[in-house]
Amino acid sequence: DSMSQESQKSAFKLMQALAFPVHVAGSVWKERSMCIDDRIRDIAQVEVAAYERLKSSIDAAWLKFLQFDEMTEELVQKVGHDFLSSSVSNVLPENNEHGTD
């Protein structure tokens, strides 16, 4: 049973890792959709619409494993760092013993 729990935790982490860059890209496009340059704004609005369609798609349940009300640069850095730290500690548990966590 602990093996299935580990498998579920790994699957959950994978879903979060897949969702993270999609949400970051969506956040970047949302920011760019307010640009004063028409070309950038127009492209960004198309990308934001695609991001919103992806989020509402029935096949995009994996995006809901990680959700943000608002993405700031600090939040992106913190979440990214936390993902890397937990992934490294899961793959190389000896790193935690040597204080490289």
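In short, a report on the structure. (Residues numbered from 1 in each chain as written. Predicted model: local features only at pLDDT ≥ 70, side-chain atom pairs only at ≥ 80, totals over all residues. Heavy atoms only, no water.)

1. Re the overall build of the protein chain
To keep things clear, this is the line we draw: Here a strand is any run of E in DSSP of at least two residues, a helix any run of H or I of at least four, and the numbering for each starts at the N terminus. Categorising residues by exposure relies on relative accessible area from a 1.4 Å probe, with only protein chains included: less than 20% of the type maximum marks a residue as buried, more than 50% marks it as exposed, and the intermediate range marks it as partly exposed. Computed by Shrake-Rupley with a 1.4 Å probe, the accessible areas treat only the displayed protein chains as cover when residues are assessed.
Scanning the protein chain from N- to C-terminus turns up 4 helices and 0 strands. Reading the secondary structure of the protein chain in the N-to-C direction produces α-α-α-α. The burial tally for the protein chain puts 19% of its 101 residues in the buried class. As displayed, the protein chain has an accessible area near 7,600 Å², and 58% of this comes from carbon and sulfur atoms.

2. A word on the nonpolar core
Applied cut-off: The criterion is simple. A nonpolar core is a set of buried Ala, Val, Leu, Ile, Met, Phe, Trp, Tyr and Cys residues joined through side-chain atoms within 4.5 Å. Two residues form a contact once any of their heavy atoms are found within 4.5 Å.
Within the largest apolar cluster, 9 residues are counted, these being Ala-19, Phe-20, Val-24, Ala-60, Leu-63, Leu-66, Met-71, Val-79 and Phe-83. Among the secondary structure elements, those contributing two or more residues to this core are α1 (2–32) and α3 (73–91). It is α1 that contributes the most residues to this core, 3 residues altogether. When near neighbours in sequence (up to four residues on either side) are disregarded, Val-24 contacts Met-71 and Val-76.

3. Some details on the pattern of salt bridges
Note the threshold: Each reported salt bridge corresponds to a side-chain nitrogen of Lys or Arg within 4 Å of a carboxyl oxygen of Asp or Glu.
All told, the structure shown has 5 salt bridges when counted by the stated rule. Close ionic contact of Arg-39 with Asp-37 constitutes a salt bridge, the shortest N to O distance being 3.3 Å. Among the residues examined, Arg-39 registers a relative accessible area of 62% and is labelled exposed. A cluster of three or more residues bridged by salt bridges with shared partners is formed by Lys-30, Glu-52 and Lys-55.

4. Focus on the side chain of Ser-33
Stated precisely, the cut-off is as follows: The definition of a polar contact used here is a pair of N or O atoms within 3.5 Å, where within protein one atom must be able to donate a hydrogen and the other to accept one, and adjacent residues in sequence count solely through side-chain atom pairs.
The residue Ser-33 is located in the loop between α1 and α2 (38–56) in this model. Residue Ser-33 is classed as buried on the basis of its relative accessible area, which comes to 18%. A polar contact of 2.6 Å, which involves the side chain of Ser-33, links it to the backbone oxygen of Lys-30. Once residues within four sequence positions are removed from consideration, Ser-33 is found in contact with Arg-41, Ala-44, Gln-45 and Val-48.

5. Considerations on α2
To be explicit about the condition: The length a helix should cover is 1.5 Å for every residue beyond the first. Working note: the arc is built from the helix axis to C-beta atom directions.
When the terminal C-alpha atoms of α2 are compared, their 27 Å separation across 19 residues agrees well with the 27 Å that a helix rising 1.5 Å per residue should span. Where α2 is concerned, the buried positions are Ala-44, Val-48 and Tyr-51. For α2, the angular spread of buried residues about the axis comes to 60°, placing them on one side. Residues of α2 that are exposed and point more than 90 degrees away from the buried face comprise Arg-39, Val-46, Arg-53 and Ser-56. You can read the cap of α2 off the contacts: a side-chain oxygen lies 2.9 Å from the backbone nitrogen of Arg-39, and it is on Asp-37.

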